Amino acid sequence: MVRLAFRMMSLLFLCVGTVAAAVDTIASVSASRVILTPLQSVWTDVSPASLLKLQEMLEMRFGSAAWSTVHDTLLPQPTFAVLFALSLVFWMVGYKKPSLAGRFTA
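Predicted model only: the values in this text are computed from it and were never measured.

Counting its secondary structure elements, the chain contains 5 helices and 0 strands. Listing every helix and strand of the chain by position from the N terminus yields α-α-α-α-α. Computed over the C-alpha atoms, the radius of gyration of the chain is 18 Å, more than 25% above the 13 Å expected from 2.2 N^0.38 for a compact globule of 106 residues. Across its three principal axes, the chain shows a C-alpha extent of roughly 55 × 45 × 20 Å. Counting over 106 residues, the chain shows a buried share of 19%.

This brings us to the environment of Pro78. With respect to the secondary-structure elements, Pro78 resides in the loop between helix H4 (64-74) and helix H5 (79-94). Between the C-alpha atoms of Pro78 and Pro38, which are 40 residues apart in sequence, the distance is 4.5 Å. Setting aside residues up to four positions removed in sequence, Pro78 forms contacts with Leu36, Thr37 and Pro38.

This part takes up the side chain of Asp24. Relative to the helices and strands, Asp24 is located in helix H1 (residues 2-31). We note that Asp24 is buried and unpaired, the nearest opposite charge coming from Arg33 at a distance of 11 Å. Among the polar contacts made by the side chain of Asp24, one reaches the side chain of Thr37 at a distance of 2.6 Å. Excluding its chain neighbours within four sequence positions, the residues that come into contact with Asp24 are Ile35, Leu36, Thr37 and Phe80.

Looking now at the environment of Ala85. Structurally, the position occupied by Ala85 is in helix H5. Ala85 sits in the partly exposed class, given a relative accessible area of 39%. Spatially, the C-alpha atoms of Ala85 and Ser10 are 9.5 Å apart, while their sequence positions differ by 75 residues.

Attention now goes to H1. A rise of 1.5 Å per residue sets the reference length of H1, with its 30 residues, at 44 Å; its end C-alpha atoms lie 43 Å apart and thus fit the reference within 8%. Here H1 has its buried residues at Ser10, Phe13, Gly17, Ala20, Ala21, Asp24 and Ser28. For H1, the secondary structure elements touched by its buried residues are H5. Of the residues one or two after H1, Ser32 is the one with positive phi, at around 60°.

Bringing the packing of helix H2 (residues 39-46) against helix H3 (residues 48-62) into the picture now. Taken N-terminus to C-terminus, the directions of H2 and H3 make an angle of 115°; their axes are 5 Å apart at the nearest point. Between H2, through Gln40, Trp43, Thr44 and Val46, and H3, the contact on the second element is made entirely by Pro48, Ser50, Leu51 and Leu54. Its residues assigned to classes, the contact of H2 with H3 shows 5 nonpolar, 3 polar and no charged.

Cut-offs used in this document
- Residues numbered from 1 in each chain as written.
- Predicted model: local features only at pLDDT ≥ 70, side-chain atom pairs only at ≥ 80, totals over all residues.
- Heavy atoms only, no water.
- Helix = DSSP H or I, 4+ residues; strand = E, 2+ residues; numbered from the N terminus.
- Rg over C-alpha atoms; globule rule 2.2 N^0.38 Å.
- Buried < 20%, exposed > 50% of the residue type's maximum accessible area, 1.4 Å probe, protein only.
- Contact = heavy atoms within 4.5 Å.
- Lys, Arg positive; Asp, Glu negative; His and termini not counted.
- Salt bridge = Lys/Arg side-chain N within 4 Å of Asp/Glu carboxyl O.
- Polar contact = N/O pair within 3.5 Å; in protein donor to acceptor, adjacent residues only side chain to side chain.
- Expected span 1.5 Å × (residues − 1).
- Axes fitted to C-alpha atoms, helices over the stretch in contact; angles between N-to-C directions.
- Nonpolar A, V, L, I, M, F, W, Y, C, P; charged D, E, K, R; others polar.

So, to be careful, I would describe these as geometric facts and stop short of saying anything about function.
This is how it looks when you write it as structure tokens:
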């Protein structure tokens, strides 16, 4: 059941990442230059309160250095790249290793 939840989260991140990549592609073609939307601007547009809660939680539990690391490294990255990476991580966590004996085992 838990593996299914991780695989569903992986699918969700993959779908949203694909939409983000398509939006960036359309914007890049229409502007005749490469446009990559950073994660921070998308997160601020969708849910600014959750970004502030993340900042408060990181600063309270790990100190201000943790928030500055996330703010300087993760948030400026392209949205689709972060979502694809999260999709890969959730897929790896939910991956079920195939049986060594194959499908004909009892």
